[in-house]
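Spelled out, the chains give:
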Amino acid sequence: MKEHFRQSMAWLHIWAGLVTGWVLFFIFVTGSLAYFQHEITRWMKPELPLRTETQHPSAVIMVEKALDYLAQQPEAAQSWEISLPLDGRRTGCGPQCGGSLRGYSSDLYVSWAENSEWLDSRTGLPLPPPVMTRDTEGGEVLKEMHYVLHYLDRETATFIVAICAMLALLAVVTGIITHKKIFKDFFTFRPGKGQRSWLDAHNVVSVMALPFFLMIVYSGLAERGYMPKPVIDIPEQKKESSKESLSITRPDIPMARIIEQAEHLLGHGQIGHIELHHQAGETPQIKISRPWGTEYPLNREGSFLHFDTKTGEQLDIPNTFGQQIPHKALWWLVGAHFAWFAGAGLRWLFFISGLLGCVMIASGLILWTVKRREKYERRDDAPAGLWLVERLNAGVIIGLPVGIAAYFWANRLLPVTMIDRADWEVHCLFLTWGWLLLYALLRSIDKAWVEMLWLATLAFGLIPLLNWLTTDKHLGMTVPHRDWVLAGIDLTMLVLAVVFGAIAWKIRHLWEPATQSVPALRGAI
C-alpha cells in the first residue's frame, strides 16, 4: 500500500510537471526578472541622468516647504497631497504607485486641484521639467507577464496561470513524497551518467530552494484568491461622506508636532505620503502613511494616521497599525511574493532562487525525454510525442531567454520616435522566441540545442557592447560613477553569456561524434 501510494504520487509529479512545465518555465523566468523590474526600467531609459547622492533635509523642513508652496497657489483645492522623497532603498511597488526607481532617490512631490509639481526639497522651488525618455514598458511588462501572460485577456490568462500554479504546488508536494531520500540526494551528484545525472541535478536544485518554491507558489495563489490565506482584519473605514469638501488652508500649528507623533508610530524617516482634507462641519484633517507598497500591500485604506490640523492631536480613527498576527501574516505572505520590502541582498537571493526554479523545471522536462529516449532507442519506435517534447524543450528552455535578450536589443535599436514603440519591443521578444521554436522543430535536436545555446551566448554577451555603441550610459561611465543599477544590468548580461557559453561548450564536447554513439549522445541530454 505504501509503495503503491508513492508510485501514484510519482505519476502525479511527472504529469503535473510535464503538462504545465513550459508555462511554468515562462512564469518563473519573467517572475524572477520582476525582482529587478525597476532596474530594468531604468536601464531601458538611458536618457535619465546617472545616479547622484542627494541629501534631503528633515521631514519637518520638507513638509513646511511643500505647504508654503501649496499655500501660494491661486487655485482653490479640496485636498493637498505631499509625497516625501525616497532614498531608493525601500521603494515599495515603485513609480506606478508613488515610489521611486530602486537605487535612485526621488524628489519632493506635491499635488492640488488636478495640478502637480516636483519641488527642490531644500528650497521648495519647482524643479526643471523631467527629461523626456523613450517609450518603453521596461521591467513592468515582464512582471505582468508572469501572472497575466501576454496577448490574452487578463481573466483568461489569470485563470491559466492559476491552474498551472496549482499543478505546480501539487508537483512540489508529490515530489517531496516521492523522493524518500530527498535530503540525502541533495548531497549526491553523479556527472556523465545520463538519466541518473539529470535526476541528481533535478533533486539538488529542487531541495536547494524548496522553501522558496513552496512560498512563491502558495503566496501567488493566495494573493489571487485561489487558495486559503490568513484572515485579514482591516478596520472598518468610515463611509464616504456626502458633505461638501471645503478649500484647504495651511494648518494653524507647526508641522513639527504632527510629524514627531507620526514618526514615533511609523519609524524615523518612514513617512511617505501626507494628505490634507476638510469637509464641511468637520475638523480639518491630515492623513499620514508610509510609502504605499511598503506597508500593507493589499489594502491602502486603514494604513493612514489621522491628525487634527487645529490642535495636532491624533484622531481616534481605526488604522491597521498594531494589528494582530493574522493581518501581519497576510502582509508577510504577499510582501514576500513581491519582495517590496527587500534590500539588494535579499532580492538577489530571491532572484537566484527563481533561477533555480527555472533549472528545476528545465531539468524535469529534459529528464522526461532522456528517460524515454533511452527506452525507445533500443526499440527504434520512438513516438511522435517524444519528438515534439524534445523540440519544445529546446525552443522554450533556450528560446525564451534569447527572446528576453531580444527585448533588450529592441530597446536600443528601435527608433526612439517609432509609433507604438513600447509594444514593438515586446513583439520583438515573442517574434524571436517564435522563430526559435520553429527553428527547434525544423533542425535536428542535437544541432538545435548547441546552435541556440551559442546564439544565447552572443545575444546576452553583446548587449553591453550594444549599450556602449548606442548610449552614454555604458560600463565606462556607470562603473566610475558607481551607478550600480545600470552597471549591474550590463554585468549580469555578461554573466549570463558566460553561463550559456559554458553549457554550449560542454554539450558540444559531449556530443563529439568521434567519442560517443548517437544513442548515447541523445541520452546525455
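For the structure, check the block above.
Please read these numbers as outputs of a predicted model, since none were measured by experiment.

Caption draft 1: Examining the pairing of strand β6 (residues 305–308) more closely. Where burial is concerned, the two faces of β6 agree: the one with L305 and F307 and the one with H306 and D308 are both buried. Pairing geometry for strand β5 (residues 285–289) and β6, over four bridges, is antiparallel. Across the sheet, residue K287 finds its bridge partner in β6, namely H306.

Caption draft 2: Summary view of the pattern of salt bridges. Counted by the stated rule, this structure contains 13 salt bridges. Salt-bridge contacts for D120 lead to R122; the nearest nitrogen and oxygen are separated by 3.5 Å. Taking relative accessible area as the criterion, D120 reaches 16% and is therefore assigned buried. Note that R443 is salt-bridged to E451, the shortest N-O span being 2.8 Å. Via salt bridges that share partners, E64, D68 and R250 belong to a single interconnected network.

Caption draft 3: Broad picture of the sheet that holds β5. In space, the six strands of this open sheet follow the order β3-β2-β1-β4-β5-β6, with antiparallel pairing throughout. Two strands lie at the open edges of the sheet, namely β3 (115–119) and β6, each paired on one side alone. Across the sheet, the axes of successive neighbouring strands diverge by a mean angle of 15°, strand direction being ignored. This element, helix α3 (residues 59–71), spans β1 (79–83), β2 (108–112), β3 and β4 (273–277) of the sheet and lies at about 35° to β2.

Caption draft 4: How the structure looks around the pairing of β1. In terms of strand pairing, β1 meets β4 through five bridges, oriented antiparallel. When the sheet's bridge partners are listed, I82 is paired in β4 with I274.

Caption draft 5: Representation of a nonpolar patch on the surface in the model. On the surface, W387, L388, L438, L441 and L442 cluster together to form a nonpolar patch covering roughly 480 Å² of accessible area. Counting only elements with at least two residues in the nonpolar patch, the list comes to α12 (384–397) and α14 (421–442). Residue contributions to the nonpolar patch peak at three residues, all from α14. Topologically, L388 is positioned in helix α12. Taking relative accessible area as the criterion, L388 reaches 39% and is therefore assigned partly exposed.

Caption draft 6: Seen up close, the environment of H202. With respect to the helices, strands and loops of the structure, H202 is situated in helix α7 (residues 195–208). On the accessibility criterion, H202 (10% relative accessible area) is buried. Considering only alpha carbons, one finds H202 and G357, 155 residues apart in sequence, at a separation of 10.0 Å. Here H202 is in contact with H13, M360, S363 and G364, once residues within four sequence places are set aside.

Caption draft 7: Focus on the packing of aromatic side chains. Per the counting criterion, the structure on display carries 18 aromatic pairs. Between the aromatic rings of F26 and F430, the centroid separation amounts to 6.4 Å while the plane-to-plane angle is 40°, which identifies the pairing as tilted. Of this pair, F26 sits in helix α1 (residues 2–34) while F430 sits in helix α14, and the two are 404 residues apart along the sequence. Judged on exposure class, the residue F26 and its partner F430 are both buried. What links up through ring pairs into an aromatic cluster is the set F28, Y35, F212, F213 and F350. Positioned above the aromatic ring of W43 is the side chain of R412, whose terminal nitrogen or guanidinium carbon lies 3.7 Å from the ring centre.

Caption draft 8: α14, seen in detail. In this model α14 runs 31 Å from its N-terminal to its C-terminal C-alpha over 22 residues, within 8% of the 32 Å that 1.5 Å per residue would give. Within α14, burial applies to R421, A422, E425, V426, C428, L429, F430, W433, L436 and A440.

Caption draft 9: Representation of the environment of A77 in the model. Counting through the fold element by element, A77 comes out in the loop between α3 and β1. C-alpha separation for the pair A77 and S111, spaced 34 residues apart in sequence, amounts to 9.5 Å. Those residues in contact with A77, other than ones at most four positions away along the chain, are W112, A113, L246, S247 and I248.

Calculation rules
Residues numbered from 1 in each chain as written. Predicted model: local features only at pLDDT ≥ 70, side-chain atom pairs only at ≥ 80, totals over all residues. Heavy atoms only, no water. Buried < 20%, exposed > 50% of the residue type's maximum accessible area, 1.4 Å probe, protein only. Helix = DSSP H or I, 4+ residues; strand = E, 2+ residues; numbered from the N terminus. Pairing = 2+ DSSP bridges. Salt bridge = Lys/Arg side-chain N within 4 Å of Asp/Glu carboxyl O. Axes fitted to C-alpha atoms, helices over the stretch in contact; angles between N-to-C directions. Contact = heavy atoms within 4.5 Å. Patch = residues over 30% accessible without salt bridge, like charges linked within 9 Å, V, L, I, M, F, W, Y side chains within 5 Å. Areas by Shrake-Rupley, 256 points an atom, 1.4 Å probe, with all protein chains shown as cover. Phe/Tyr/Trp six-rings, centres within 6.5 Å; stacked < 30°, edge-to-face > 60°. Lys NZ or Arg CZ within 6 Å of the ring centre and 35° of its normal. Expected span 1.5 Å × (residues − 1).

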